[in-house]
Amino acid sequence: DVLATLQAAAPWQKLRANPQDRLAIRPSDLRVRRYRERSERMLLFVVDASGSAAMARLAEAKGAAEAILSEAYRSRDHVSLITFRGDQADCALEATRSLVRAKRLLGGLPGGGATPLADALRKCAEQAAQARRRGLTPHVILMTDGRANKALDGSVDKAQARADALKMARLLAGSGVHVLVVDSGLRPNSDLDEIAQTLKARTVRLPRGQRNQVSAELL
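In this text, all values refer to a predicted model and were calculated from it rather than measured experimentally.

A. Here's a closer look at the overall build of the protein chain. Counting its regular elements, the protein chain contains 7 helices and 6 strands. Along the protein chain, helices and strands appear, N-terminal first, in the series α-β-α-β-β-α-α-β-α-β-α-β-α. Per-residue burial for the protein chain yields a buried fraction of 46% across its 219 residues.

B. Geometry of the side chain of Thr-96. Residue placement: Thr-96 occurs in strand 3 (residues 88-96). Those residues in contact with Thr-96 that sit more than four places away from it in its chain are Asp-77, His-78 and Val-79.

C. Structural context of the pairing of strand 4 (residues 136-144). Here strand 4 lies mainly inside the structure; 8 of its 9 residues are buried. Pairing of strand 1 (residues 40-48) with strand 4, which is carried by 8 bridges, proceeds in the parallel orientation. By the bridge assignment, Met-42 is partnered in strand 4 with Pro-138. Looking at chain direction, strand 4 and strand 5 (residues 178-183) are connected through 6 bridges and run parallel. Looking across to strand 5, one finds that Ile-141 is bridged to Leu-180. The parallel pair strand 4 and strand 5, bridged by helix 5 (residues 158-174), forms a crossover whose chirality is right-handed.

D. Here's a closer look at the pattern of salt bridges. Under the criterion given, the structure shown has 11 salt bridges. Residue Lys-150 is joined to Asp-87 by a salt bridge in which the shortest nitrogen-to-oxygen separation is 3.2 Å. Highlighted residues: Lys-150 in the loop between strand 4 and helix 5 and Asp-87 in the loop between strand 2 (78-85) and strand 3, separated in sequence by 63 residues. Judged by its relative accessible area of 10%, Lys-150 is buried. The shortest N-O distance in the salt bridge between Arg-122 and Asp-119 comes to 2.5 Å. Pair noted here: Arg-122 and Asp-119 are both in helix 4 (residues 117-133), with a separation of 3 residues, about one helical turn. A cluster of three or more residues bridged by salt bridges with shared partners is formed by Asp-119, Arg-122, Lys-123 and Glu-126.

E. A look at the environment of Pro-116. Here Pro-116 shows up in the loop between helix 3 (99-107) and helix 4. Since its relative accessible area comes to 1%, Pro-116 is described here as buried. Note: C-alpha distance between Pro-116 and Ser-155 (39 residues apart in sequence) is 9.8 Å. In this view, Pro-116 contacts Phe-84, Arg-85, Gly-86, Asp-87, Gln-88, Ala-89 and Lys-150; residues no more than four positions away in its chain are not counted.

F. Geometry of the nonpolar core. Grouped together as the largest cluster of nonpolar side chains are 33 residues, with contacts concentrated most on Val-46 and Leu-199. Contributing elements (two or more residues each) for this core: strand 1, strand 2, strand 3, helix 4, strand 4, helix 5, strand 5 and helix 6 (190-199). Here the element with the most residues in this core is helix 4; it accounts for 8 residues. In contact with Val-46, not counting residues within four places along its chain, are Ile-82, Phe-84, Ala-120, Cys-124, Val-140, Ile-141, Leu-142 and Met-143.

Here is what the cut-offs are and how they apply
- Residues numbered from 1 in each chain as written.
- Predicted model: local features only at pLDDT ≥ 70, side-chain atom pairs only at ≥ 80, totals over all residues.
- Heavy atoms only, no water.
- Helix = DSSP H or I, 4+ residues; strand = E, 2+ residues; numbered from the N terminus.
- Buried < 20%, exposed > 50% of the residue type's maximum accessible area, 1.4 Å probe, protein only.
- Contact = heavy atoms within 4.5 Å.
- Pairing = 2+ DSSP bridges.
- Right-handed = clockwise from strand over helix to strand, strands pointing away.
- Salt bridge = Lys/Arg side-chain N within 4 Å of Asp/Glu carboxyl O.
- Core = buried A, V, L, I, M, F, W, Y, C linked by side-chain atoms within 4.5 Å.

Below you can see the structure in the form of structure tokens.
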């Protein structure tokens, strides 16, 4: 950085007497301008709409998601939405800047059924990898009570579902994706705590974690 280097050297010129009237530049004067390429951010919402989440708690999770979406609009972030209930997780919305679509999908999200958390984490890892290939930086917001009961093979087996969820959590954590866990359960759940630790994620609990706190943790 020529200008910054000259500015650093100028105050010392009288002390650096030079018979040839040349500008005396010392190694300590040198300033280097480094450029960093910034990629656009994608907020990937992974929302538990299963029966264990309960309708009132799902409404709170939706409210927290909408608070984040409002902030994302100001930052011109991309958003994507994965929902999970019943047999599997579904990518309801590919990466887009259409926050109106995201809010509409969240508002009309039905609840009930089993909790295929492992499949949701698997699809989350796939979507995050796809986002990176597009030059986006994915940030995951996982909204769940963590009570997985649907295994990857489709069986309703809580022990296997928990093991599969932890396996997919390790896969996602290994990719280095930033994850925020929003606990939508009625009571603390050790299974969700273990998943959050595996994901190396911060946890915000509803309703004690107010909507603006959820936004602050991520944004």
